[in-house]
Protein chains: 4
Amino acid sequence: MIRFNNDYNHGAHPRILEALAQTNTESYGGYGLDEWCRKASDEIKKYLDCPQAAIHYLLGGTQVNYTAIAASLRPYQSVLCADSGHINVHETGAVENAGHKIETLLGVDGKITAAQIKEAANSYRTSDIPEHITQPKMVYLSFPTEYGTLYSKAELETIHTVCREYQLYLFIDGARMGYGLGSEENDVTLRDLAALSDLFYIGGTKCGAMFGEALVITNLELQPHFRSYIKQNGAMLAKGWLLGLQFYTLFQDGLYFDIAKKAVDYAMQIRNAFQTKGIPAYIESPTNQQFVILTQEQIDQLSPKYVFEFEGKYDDFHSIVRFCTAWSTTQSEIDALTADIETLTI
Amino acid sequence: MIRFNNDYNHGAHPRILEALAQTNTESYGGYGLDEWCRKASDEIKKYLDCPQAAIHYLLGGTQVNYTAIAASLRPYQSVLCADSGHINVHETGAVENAGHKIETLLGVDGKITAAQIKEAANSYRTSDIPEHITQPKMVYLSFPTEYGTLYSKAELETIHTVCREYQLYLFIDGARMGYGLGSEENDVTLRDLAALSDLFYIGGTKCGAMFGEALVITNLELQPHFRSYIKQNGAMLAKGWLLGLQFYTLFQDGLYFDIAKKAVDYAMQIRNAFQTKGIPAYIESPTNQQFVILTQEQIDQLSPKYVFEFEGKYDDFHSIVRFCTAWSTTQSEIDALTADIETLTI
Amino acid sequence: MIRFNNDYNHGAHPRILEALAQTNTESYGGYGLDEWCRKASDEIKKYLDCPQAAIHYLLGGTQVNYTAIAASLRPYQSVLCADSGHINVHETGAVENAGHKIETLLGVDGKITAAQIKEAANSYRTSDIPEHITQPKMVYLSFPTEYGTLYSKAELETIHTVCREYQLYLFIDGARMGYGLGSEENDVTLRDLAALSDLFYIGGTKCGAMFGEALVITNLELQPHFRSYIKQNGAMLAKGWLLGLQFYTLFQDGLYFDIAKKAVDYAMQIRNAFQTKGIPAYIESPTNQQFVILTQEQIDQLSPKYVFEFEGKYDDFHSIVRFCTAWSTTQSEIDALTADIETLTI
Amino acid sequence: MIRFNNDYNHGAHPRILEALAQTNTESYGGYGLDEWCRKASDEIKKYLDCPQAAIHYLLGGTQVNYTAIAASLRPYQSVLCADSGHINVHETGAVENAGHKIETLLGVDGKITAAQIKEAANSYRTSDIPEHITQPKMVYLSFPTEYGTLYSKAELETIHTVCREYQLYLFIDGARMGYGLGSEENDVTLRDLAALSDLFYIGGTKCGAMFGEALVITNLELQPHFRSYIKQNGAMLAKGWLLGLQFYTLFQDGLYFDIAKKAVDYAMQIRNAFQTKGIPAYIESPTNQQFVILTQEQIDQLSPKYVFEFEGKYDDFHSIVRFCTAWSTTQSEIDALTADIETLTI
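Residues numbered from 1 in each chain as written. Chains lettered and ligands numbered in written order. Predicted model: local features only at pLDDT ≥ 70, side-chain atom pairs only at ≥ 80, totals over all residues.

### Describing the overall build of chain A
Then, number 1: Tallying secondary structure elements over chain A gives 14 helices and 13 strands in all.
Then, number 2: The C-alpha atoms of chain A give a radius of gyration of 21 Å, which matches the 20 Å a tight globule of 346 residues would have.
Then, number 3: In terms of overall dimensions, chain A has C-alpha extents of about 60 × 55 × 35 Å along its principal axes.
Then, number 4: In chain A, buried positions account for 58% of the 346 residues.
Then, number 5: Contacts in chain A between residues at least 24 apart in sequence constitute 75% of all its contacts with a sequence separation of at least 6. (Helix = DSSP H or I, 4+ residues; strand = E, 2+ residues; numbered from the N terminus. Rg over C-alpha atoms; globule rule 2.2 N^0.38 Å. Buried ≥ 20, exposed ≤ 12 C-beta atoms within 10 Å, placed from the backbone. Contact = placed C-beta atoms within 7 Å.)

Here is the structure:
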């Protein structure tokens, strides 16, 4: 079986494993206060143009999301988010468990707009009874979104401007950051994200690391005592250097960008194969996740050989399914799939 | 100025004040373990046909709502609610502050349906990855709703059936209970509510009491240690007999029902006056809240003499406003208003 | 039976009832934004010499305590408190339910010292791994304490100095404030409390009001959005003027001080009676709570006629019991009790 | 520098790294629902004699602790714990952040007794006002404790009996489990722990794994929906097989026990060296942590070559320091240290 079901079904890039093996007989200080975390942050900062950034290494996306939100908001404050946002639909109410309301905005292809954010923020600002409602204080975006779509630099700039106007923090979930940066359609850099957001993270788990996410906090207001939040939320790895070492390996010579770009190229081959075959996309995604609309017969034809994810019924005769590529995908896997797509019954 | 802006702008029914005065030189045990609370519960139970019910007296609606939800749900469980539900839009995220996600269903005139509830519950039950989403475990309804509308007995029975099928608790917010029971259109009794819900409350603050809500817990599962939740959430009045005494006064000879019914009759006079004048209702409400669509000119004509609540813009030329009657409304106030409605510019 | 078991077993001072009756046909705006709350705050401020103070009216002690703490602390911050502090032992973990750790200091007669506070704060400041422990950020005191004892002005000044040095908020629980201020031994004024603490409250429930506590926030840092916390924690009374009216009545001509002082005088008569009889105090209290050590025989002699509170076993032959006076206590009740104390078996 | 400062300063046992390398080109399903987690649980269960046990793999100690407590307790319930317990002093209030009070009992050498637990539980049971205090519902122990000491089987049985009598859950933190089981003084087996506790965990991070803890839930009451708690608390590793694979490697042929036992043997050599030299232990520990009382001169003599942990001042002339061995410690490191101990100035 070839897995296209997600982008976290393989261990780690071989160079990560090598790095772990090479340092295994060394000893280090704990809790992320080690030389590898420092070196990793130095490497990442080369891409940021933001010397004041604080970088922390956590273990997974849900953990980063609710820890960052818990650290940023007061109890009466809420976070604005697309209805399809990961924190709203895939994290078992972790943000609410941390005490905060998520105010959802209706997304289009997983994206929300500056105008929607402005309206929500303005609605609070102009309320007669603000104490009866939560105060929107943060905007949560994903780059790429749950549907693989991307915000353009212009869109992020407009959102950034609204956030400044209404004193909202902008938090960008980058669990699949590499696949966004590696897209042909993308015009956003890490430097842009550092300049336009207050905090964002660079996903490792889905982009070549064994595990781990690098949270970049650019807003000085949100930096103090962040390690207390990490510890309190069970997110402080005793052997923190394991995270630093992985991000150092991914960033010291651009490996992160290369392997993610390759995965996106593979995804485009899948997209083309479906298009050529006349099988419609559910959403046009320029990144590593491809959502297509298949008949049950087509699903049955692909299922014996490939694992892919059922996303929901499209209509009585069609389903939406997702094919994911990853840093671990190979050209031969893609060749097999595209050949089989060509033979599907229409 | 005559206030129609809400139903909590006067102190208390004169008989409540009398009762407070008559007992003021007596001394009582604290925290709701007194004779008046017992007597009040005995009186209320005469309307319930539910000997197992536990009745607790709390101080206000938001407090009852989040305390009841915190006591009923485990951290991974959520509550289903109309998008317009009070807990979702007017309580500063109190439910989320208690750790629970509110899953909203799109209401029609403030009401949700058994089919919507079933779909949400079924979506969890049939999920491949239930641990990534919250488990709907409670349904929150208001009777009457935020828009003054009512659930029929048949509707509540269908909702009850779905709740049993999916093991959901049914919680009914009765902050304006009296005005629902007192409506001509209503076919639901307290007995029905006790039979069809797991817990519900009978609002005092808006229905003749100085303050206080009577929470009726019929489900034995939810009764143990409820007083611990009351205390923990700052909802245990030291002089608990003040609450018992008020509810005893309201229920021992049906005062609660009489004064609320009269208020609804007054509301119907307002409704008729607007209808006669050809001024449209925003929502057809059979209870004490009337929502109408006025021009700015009409608002300006009524504003010097009456206080009423602005609810939002209807279109560029009209606004939605609310007129509320209450136990304290008088016929002369109604006569004045209806006469002035007659003279409005159309 | 004559109740000396606590100071909240009677309704309200007659003048409070009168005020409620006189305003009962008036209508007011809701949620504490009314003229009576404004007038009450004006009266209270005459005693404070702190024009910047924000005053809010809440319903009871536990509610004020956890709401104030939730509003003041970030998730990683804790509150320092005597082991016998009300928030630590009588509030069902309300502070922890709000997410905060209470770090206890061993009290002497219910009091803690500036030196203890300094040590705890310094222990955090000098910690190698501050992110593994909570940051003490608030000191919680009661005036009077749970044992009826008082902090002197000099003690409060020293504590205040340490709090400033370590940037700790000083929060003073004044549920029994009147009985502290009314003690012969007391040298502290409301003006001092306003100057020396960041927030404190003036108890109404136990000191003549029907219910209610006036929270005074002097620190500008803690004032913004406090009403959001009140609402979120179910502590915002719809008919807020009921609270304002009571505090206006208590403060506009010093009634609050008079009735509390009288109660303390009565307590001193009880203290003297026990002393004269040779019955030892458990703690020397100069306020309205008197803790004495009785034999079972003595308890049996007083029990048929008086209600008083069992506090715990002193040894195999003695118990600690509490006698409380209140604004509602009468000289004839005191005469009866002191006469009966005289006849106790030694 | 040779690190004796803690037991988590090296990566992983070489066989763990090999296993990770060998499976790195394989693909697996996510979130712990994979074959390696199943196989690991099968291996662990061979030591338990408890077929009903549910085993979950989480990432670190703090995370396991607060997740398990959040999943077990209702909001009004508290956990009993030694004052020195890890959850009380080293986890930044994570348990309180999850809403629960920790009721501390004064430990002796880090241990608490069945009698203390019984007294606390009984105090709640016999309280007149249980709703004003939290209900102790769980006992938290560490095996070994923070001071390296062990509970005997007889002690655990007595505690178990009290827990059954008072319906308390017994939760055992086994972050250093291997070093407890590997002690000469130990008479407890994993089978005993499974029989006597409701849930406990087997530490991997400190005992040979790269990271990870295996939580064993034997009480059927606590098993349902536990995965929801794991996800909600950010503790669900996307690539869950990485945890299963490590525990499989540690347990399939007893590696876990062997490497921990060796570490304890090394610790005993350190203990003997200090004893021989006449340097007193602060606490007599039969496991991998050794606490000794050194002069500043002795500290200065050892510091250039060894890293060890300062625990606190003993008196004006002495400090308490900790030497930790681990699975990664070597005989040559021990030889060096013991030789240098011999040369210390007395």
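Picking up where we left off.
### Details of the interface of chain C and chain A
Then, number 1: Counting residues at the interface gives 12 residues for chain C and 12 residues for chain A.
Then, number 2: The greatest single-element share of the side of chain C that touches chain A, amounting to five residues, is contributed by helix 10 (residues 226-232) of chain C.
Then, number 3: Class assignment for the residues of the side of chain C that touches chain A results in four nonpolar, five polar and three charged. (Nonpolar A, V, L, I, M, F, W, Y, C, P; charged D, E, K, R; others polar.)

### Quick look at the sheet that holds strand 3 (residues 77-82) of chain B
Residues and elements named next belong to chain B.
Then, number 1: Taken in spatial order, the seven strands make up an open sheet running 2-8-7-6-5-3-4, and their pairing is mixed. With partners counted over all chains shown, the strands left at the sheet margins are strand 2 (54-58) and strand 4 (102-105), one partner each. The average angle at which neighbouring strand axes cross in this sheet is 25°, direction not considered.
Then, number 2: Relative to strand 4, strand 3 runs parallel, the two sharing four bridges. Across the sheet, cysteine 81 pairs through a bridge with threonine 104, a residue of strand 4. (Pairing = 2+ DSSP bridges. Axes fitted to C-alpha atoms, helices over the stretch in contact; angles between N-to-C directions.)

### Side note on the pairing of strand 10 (residues 289-295) of chain B
Residues and elements named next belong to chain B.
Then, number 1: Across the seven residues that make up strand 10, a large majority, five, are buried.
Then, number 2: Looking at chain direction, strand 9 (residues 281-283) and strand 10 are connected through two bridges and run antiparallel. Across the sheet, alanine 281 pairs through a bridge with valine 292, a residue of strand 10.
Then, number 3: Hairpin geometry of strand 9 and strand 10 is characterised by an intervening segment of five residues between the two adjacent antiparallel strands.
Then, number 4: In the sheet, strand 10 pairs with strand 13 (residues 318-324) via seven bridges, with the strands oriented antiparallel. Following the sheet pairing, isoleucine 293 is matched in strand 13 by isoleucine 320.

### Re the relation of the copies chain C and chain A
Then, number 1: Superposition record for chain C on chain A: RMSD 0.0 Å, screw rotation 180°, translation along axis 0.0 Å. In short, the pair behaves as if placed about a two-fold rotation axis. Taking the C-alpha atom as reference, chain C places arginine 74 of chain C closest to the rotation axis, 3.8 Å from it.
Then, number 2: Of the residues that chain C buries at the interface, 100% are likewise interface residues in chain A, meaning the two copies contact each other through the same surface. (Least-squares fit on C-alpha atoms with pLDDT ≥ 70 in both.)

### Some thoughts on the domain arrangement of chain A
Residues and elements named next belong to chain A.
Then, number 1: When the domains of chain A are assigned, the result is domain 1 (2-6 + 256-342) and domain 2 (14-254).
Then, number 2: Each of domain 1 and domain 2 was reduced to a C-alpha centroid, and the two centroids are 27 Å apart.
Then, number 3: Looking at the side of domain 1 that touches domain 2, the elements with two or more residues in it are helix 12 (255-277) and strand 10 (289-295).
Then, number 4: Ranked by residues supplied to the side of domain 1 that touches domain 2, first place goes to helix 12 with eight residues.
Then, number 5: Grouping the amino acids of the side of domain 1 that touches domain 2 by side-chain chemistry returns 11 nonpolar, four polar and two charged. (Domains from an automatic or database assignment.)

### Concerning the relation of the copies chain D and chain A
Then, number 1: Of the two same-sequence chains, chain D is brought onto chain A (RMSD 0.0 Å, axial shift 0.0 Å) by a rotation of 180°.
Then, number 2: Here 100% of the contact residues of chain D are again contact residues in chain A; the copies associate through an equivalent surface.

### Digging into the sheet that holds strand 3 (residues 77-82) of chain A
Residue and element names in this part refer to chain A.
Then, number 1: Reading across from one edge, 2-8-7-6-5-3-4 is the order of the seven strands in this open sheet, with mixed pairing throughout. Strands with a single pairing partner mark the edges of an open sheet, and in this sheet they are strand 2 (54-58) and strand 4 (102-105). Neighbour to neighbour, the strand axes of the sheet diverge by 25° on average, direction disregarded.
Then, number 2: Where strand 3 meets strand 5 (residues 135-142), five bridges bridge the pair, whose relative direction is parallel. In the strand pairing of strand 5, glutamine 77 is matched with glutamine 135.

### Looking at the confidence of the model for chain A
Then, number 1: Per-residue confidence for chain A gives a mean pLDDT of 98; residues scoring 70 or more make up 100%.
Then, number 2: Across the interface, the model reports ipTM at 0.97; the global pTM reads 0.97. (pLDDT = per-residue confidence, 0-100.)

### Concerning unusual backbone geometry
Then, number 1: Between phenylalanine 143 of chain A and proline 144 of chain A the backbone carries a cis peptide bond, its omega angle lying at -10°.
Then, number 2: With respect to the secondary-structure elements, proline 144 of chain A resides in the loop between strand 5 and helix 7 (153-165).
Then, number 3: Look at threonine 92 of chain A: it is not a glycine, yet its phi comes out positive at around 50°.
Then, number 4: Tracing the chain through its elements places threonine 92 of chain A in the loop between helix 4 (86-89) and helix 5 (94-97).
Then, number 5: You can call threonine 92 of chain A buried: it has 32 C-beta atoms within 10 Å.
Then, number 6: A positive phi angle is found at glutamine 167 of chain C, which is not glycine, with a value near 55°.
Then, number 7: Take glutamine 167 of chain C: it is sitting in the loop between helix 7 (153-165) and strand 6 (169-173).

### Notes on the pairing of strand 5 (residues 135-142) of chain D
Residues in a regular strand project their side chains so that they alternate between the two faces of the sheet.
All names here are of chain D.
Then, number 1: Judged by how many residues are buried, strand 5 sits mostly within the fold: eight of eight residues are covered.
Then, number 2: Relative to strand 6 (residues 169-173), strand 5 is paired through five bridges, and the arrangement is parallel. Among the inter-strand pairings, valine 139 is bridged to a residue of strand 6, identified as leucine 170.
Then, number 3: Read as a crossover between parallel neighbours, the route from strand 5 over helix 7 (residues 153-165) to strand 6 is right-handed. (Right-handed = clockwise from strand over helix to strand, strands pointing away.)

### Some words on the environment of asparagine 97 of chain B
Then, number 1: Relative to the elements of secondary structure, asparagine 97 of chain B occurs in helix 5 (residues 94-97).
Then, number 2: The spatial distance from the C-alpha of asparagine 97 of chain B to the C-alpha of serine 127 of chain B is 27 Å, given a sequence separation of 30 residues.
Then, number 3: Residues contacting asparagine 97 of chain B, with those up to four places away along its chain left out, are Pro75 and Gly99 of chain A together with Gln232 of chain C.

### Structural notes on helix 14 (residues 331-342) of chain B
Note on helix geometry: an α-helix contains 3.6 residues per turn, so any two residues three or four positions apart are oriented the same way.
Residue and element names in this part refer to chain B.
Then, number 1: Given a rise of 1.5 Å per residue, 12 residues ought to cover 16 Å, and the 16 Å separating the end C-alpha atoms of helix 14 matches this to within 8%.
Then, number 2: Of all the positions in helix 14, only Ile334, Leu337 and Ile341 are classed as buried. Burial along helix 14 is one-sided: seen end-on, the buried residues are contained in an arc of 70°. When the buried face of helix 14 is taken as reference, the exposed residues oriented beyond 90 degrees from it are Ser332, Asp335, Ala339 and Glu342.
Then, number 3: In this structure, the buried residues of helix 14 make contact with helix 12 (255-277) and strand 11 (306-307). (Expected span 1.5 Å × (residues − 1). Arc of directions from axis to C-beta.)

### Comments concerning the environment of histidine 225 of chain B
Then, number 1: Secondary-structure assignment places histidine 225 of chain B in the loop between strand 8 (213-217) and helix 10 (226-232).
Then, number 2: When the C-alpha positions of histidine 225 of chain B and tyrosine 66 of chain B are compared, they lie 16 Å apart, and in sequence the two are 159 residues distant.

### A word on helix 7 of chain A
Residue and element names in this part refer to chain A.
Then, number 1: For helix 7, which comprises 13 residues, the first-to-last C-alpha distance of 18 Å matches the rise-based estimate of 18 Å (1.5 Å per residue) to within 8%.
Then, number 2: Of the residues making up helix 7, those classed as buried are Leu156, Ile159, Val162 and Cys163. Angular distribution of buried residues about the axis of helix 7 spans 120°; they occupy a single face of the element. Exposed and facing more than 90 degrees away from the buried side of helix 7 are Ala154 and Arg164.
Then, number 3: Buried positions along helix 7 lie against helix 6 (114-125), strand 5, strand 6 (169-173) and helix 9 (190-196).
Then, number 4: The first or second residue beyond helix 7 is glutamine 167, which carries a positive phi of 55°.

### Things to note about the packing of helix 2 (residues 35-45) of chain D against helix 11 (residues 241-251) of chain D
All names here are of chain D.
Then, number 1: One way to put it is that helix 2 packs onto helix 11 with a least axis distance of 7 Å and a crossing angle of 30°. Compared by their axis directions, helix 2 and helix 11 come out roughly parallel. Judged by the sense of rotation from one axis to the other, the crossing of helix 2 with helix 11 is left-handed. Contact with helix 2, carried on its side by Trp36, Cys37, Lys39, Ala40, Glu43 and Ile44, involves Trp241, Leu243, Gly244, Leu245, Phe247, Tyr248 and Phe251 of helix 11 and no other residues of that element.
Then, number 2: A class-by-class count of the residues in the contact of helix 2 with helix 11 yields 10 nonpolar, one polar and two charged. (Parallel < 35°, antiparallel > 145°, perpendicular 65-115°, else oblique. Left-handed = near helix turned anticlockwise from the far one by under 90°.)

### Quick word on the environment of isoleucine 283 of chain B
Residue and element names in this part refer to chain B.
Then, number 1: By secondary structure assignment, the location of isoleucine 283 is in strand 9.
Then, number 2: C-alpha separation for the pair isoleucine 283 and cysteine 324, spaced 41 residues apart in sequence, amounts to 14 Å.
Then, number 3: Excluding its chain neighbours within four sequence positions, the residues that come into contact with isoleucine 283 are Asp109, Tyr147, Gly148, Thr149 and Phe291.

### Considering the packing of helix 1 (residues 14-22) of chain C against helix 11 (residues 241-251) of chain C
Residue and element names in this part refer to chain C.
Then, number 1: Contact pair helix 1 / helix 11: the axes reach a minimum separation of 9 Å and the direction vectors enclose 135°. As summarised for this structure, helix 1 and helix 11 are arranged oblique, according to the angle between their axes. Between helix 1 and helix 11 the crossing geometry is right-handed. Where helix 1 abuts helix 11, its residues Arg15, Ile16, Ala19 and Leu20 lie against Leu245, Gln246 and Thr249.

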